[in-house]
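# An overview of the molecular structure
As a plain string of letters, each chain reads:
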Amino acid sequence: MFFASGPFPLAAGQTERFSMALVFAEKDFNDPRNIQNSSLARKKETVQQIYNADYQFARPPNKSNLKVIPGDGQVTLFWDDIAEQSYDPFLGEYDFEGYMIYRSTEPNFEENLNITDAYGNTIYQKPLAQFDLRNGIRGLHPVTVNGVQFNLGNDTGLRHSYIDRDVINGRTYYYALVPYDRGFVEMDEDSNFVTDTNGQVRGISPSTTSSIIKNDVAGNISIDVNTGVATPRAPAAGYIAPEVEIQEENLTGTGTIGVDVLSPTAVISDKEYSLTFENDSIWQTEINPVAIFTTPGEDEPLFSEPLEEGKIQIPFIDGFAINIEGPTEITVNEESIKYNGEGGNYIPIIEPASSNSSFSSRFIPLPADFEIHFTSDMADTSMRVAFGMQEIPTPFYIENTTSGERVRFSIIEDLEGKRNGEYNHGELIVIIMGTEPGKEPEFAGGNWRASWSIRLLEPDPILQPGVDPVAPSPGSSLEFEIHKPFQNSDEFSFKMLGGEFSSEKAKDSLEDIFVVPNPYVASSNFEPQNTYRSGRGERRIYFMNLPPKCTIRIYTISGELVQTLEHNESIDNGQEPWDLTTKDGMNLAFGVYLFHVEAEGVGSHTGRFAVIK
């Protein structure tokens, strides 16, 4: 390549700087009269904009460190949060938005390039999974790239692990973790999008980090920090997978806590862990309490962060991650409302007391479950909390089933013709508390709070004509539950049991040893791609469900030894590949072959496989 410019004077010691751009286009214009719409012209325009901006670019997020762990019928990915601390000096802000995961069966990820722009160029890949911040920034970014808009996600919330279960044992997969930012949209003083003369929104489309897997002509693979390669595999015969042994599960919160084993070999056997919460609100109503993860003997917690929108993931620790998911708001669990015993046919309506204007300013969504017990005699008396109300004896009492205590309540006589100082089904029942836990509610000074309201309505004569109302019988009850955040008293303790090898189980599993693919045919998706010539790549079969240490001998039908393989792997790897070459370095001929697997202290197994055209 020759590059020339000038002439211009250049004195001794003088420095002149110049810029040069090499512009290439896969697809170019066919009509010379439409040069400005060509791929080459559009790229030239982009290069000119870069020069005009003095080479100042919007910076993509930093690369996270990705770990890829193969398993049985699955591949586990987990990563750190480095990308989330990315600062863009061009925009002057921390603009990280989310992660995308790509998977391919070839290292160039070309099979994922299936999203084209308005000119037919493939520019975006379809991700296997996507996780983004819950910040209201979601959907399609308004700034287009040749007519294509970047998908910012759906406010799923961030995760730091993913398990891909749509894989085949023995096949090689390539993964890339691609953090991306939220881009930039130019806004006017009224917060409206600024557009150019063509009506296109002005700004910067989201940037993504690069993901590089190098594959040289010899087939050697080198990966970047945010990429990985894995071949899922069956575990060794006799393998006992790691388990989670729950020691205590005392949860008032109605969320879920799940422990996912990400790296079986990293699990520390018999190590104990404890998960607790700090909910600093007076009535334990904080949706995002602090999750504290500890282990005995450690002064500092392994993890201590508040939930986000009721959820959080405790990232990779000792081979596992913990997913915590609680409610996003404190509401009545409609599915939990039910009568016990002969409850009759009155329809229970349970709502926040704030739905009644008289209680809206004093409403507290008490996170507890309740049960109304109906009796034959008067069992309790309602509380007077406002002028004009009465203390009314009631043939029921209300129990806080979370604490096991009775609760106070008020009755609003709001039915026409029934303001008689007695309780009638259909009148409003409101659960009442003090101003803080442990304090009795007081009418004087308004030292009381209201929580949930209950109303028992007769069957609707229009929807249920001819149905006579039947009141709940004495001895029956009405119960309902509340979606509750995790509380200070909640504790989830468990012990990890590491993976191990059982020779007795291995003996029973010898009959499960097999060859894949069987028969071996002219091509197979288990074979890696040929990187340096056209046609098929390396020939390969796998022996599956092997003990951790064993010897494999392959024979012809006539008993001639073809090849000997030594399998010596960890207990989570029960497969051994063979490139179908003999002990003399020759390619294996078509035909039927026998194999014999021998494992010391376990036993032996014999099988057969075929190689066909």
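Everything below is about the structure shown above.
Residues numbered from 1 in each chain as written. Predicted model: local features only at pLDDT ≥ 70, side-chain atom pairs only at ≥ 80, totals over all residues. Heavy atoms only, no water.

With that settled, consider the overall build of the chain. Counting its secondary structure elements, the chain contains two helices and 43 strands. For a compact globule of 613 residues, the expected C-alpha radius of gyration is about 25 Å, and the chain comes in at 34 Å, more than 25% above that figure. For the chain, the proportion of its 613 residues judged to be buried stands at 41%. Taking the contacts inside the chain whose residues are at least 6 apart along the sequence as the reference set, 65% of them involve residues at least 24 apart. Summed over its atoms, the accessible surface of the chain is roughly 32600 Å², and 47% of this surface lies on carbon and sulfur atoms. Within the chain, one finds 45 positive and 91 negative side-chain charges whose respective centroids are separated by 8 Å. (Helix = DSSP H or I, 4+ residues; strand = E, 2+ residues; numbered from the N terminus. Rg over C-alpha atoms; globule rule 2.2 N^0.38 Å. Buried < 20%, exposed > 50% of the residue type's maximum accessible area, 1.4 Å probe, protein only. Contact = heavy atoms within 4.5 Å. Areas by Shrake-Rupley, 256 points an atom, 1.4 Å probe, with all protein chains shown as cover. Lys, Arg positive; Asp, Glu negative; His and termini not counted. Charge placed at Lys NZ, Arg CZ, Asp CG, Glu CD.)

The subject of this paragraph is a nonpolar patch on the surface. Where nonpolar side chains cluster on the molecular surface, the patch consists of M1, F3, F18, M20, L22 and F24 and spans about 780 Å² of accessible area. Following the sequence through the fold, M20 ends up in the segment before α1 (39–52). (Patch = residues over 30% accessible without salt bridge, like charges linked within 9 Å, V, L, I, M, F, W, Y side chains within 5 Å. Salt bridge = Lys/Arg side-chain N within 4 Å of Asp/Glu carboxyl O.)

The next thing to look at is the packing of aromatic side chains. Taken as a whole and judged by the stated rule, the model has 27 aromatic pairs. When the centroid spacing of 6.4 Å and the interplanar angle of 65° are considered together, the rings of F374 and F396 count as edge-to-face. Linking F374 in strand β26 (residues 370–374) with F396 in strand β29 (residues 396–400), this pair joins segments that are 22 residues apart in sequence. Comparing F374 with F396, the two get one shared label, buried. Residues F543 and F595 carry aromatic rings whose centres are separated by 5.4 Å and whose planes lie at 70° to one another, so their mutual orientation is edge-to-face. You can see F543 sitting in strand β38 (residues 541–544) and its partner F595 sitting in strand β42 (residues 591–599), a full 52 residues away along the chain. Just as F543 is buried, F595 falls in that class too. Here R362 stacks its cationic end above the ring of W448, 4.8 Å away from the centre of that ring. One residue, R406, lies across the ring of Y397, its end atom 3.9 Å from the ring centre. (Phe/Tyr/Trp six-rings, centres within 6.5 Å; stacked < 30°, edge-to-face > 60°. Lys NZ or Arg CZ within 6 Å of the ring centre and 35° of its normal.)

The next subject is the sheet that holds β26. With antiparallel pairing, five strands are arranged side by side in an open sheet as β24-β34-β26-β29-β30. Single-partner strands in this sheet number two, and they are β24 (332–340) and β30 (405–406). Pairing analysis gives five bridges linking β26 to β29, with the strands arranged antiparallel. Bridge pairing in β29 places I372 opposite I398. (Pairing = 2+ DSSP bridges.)

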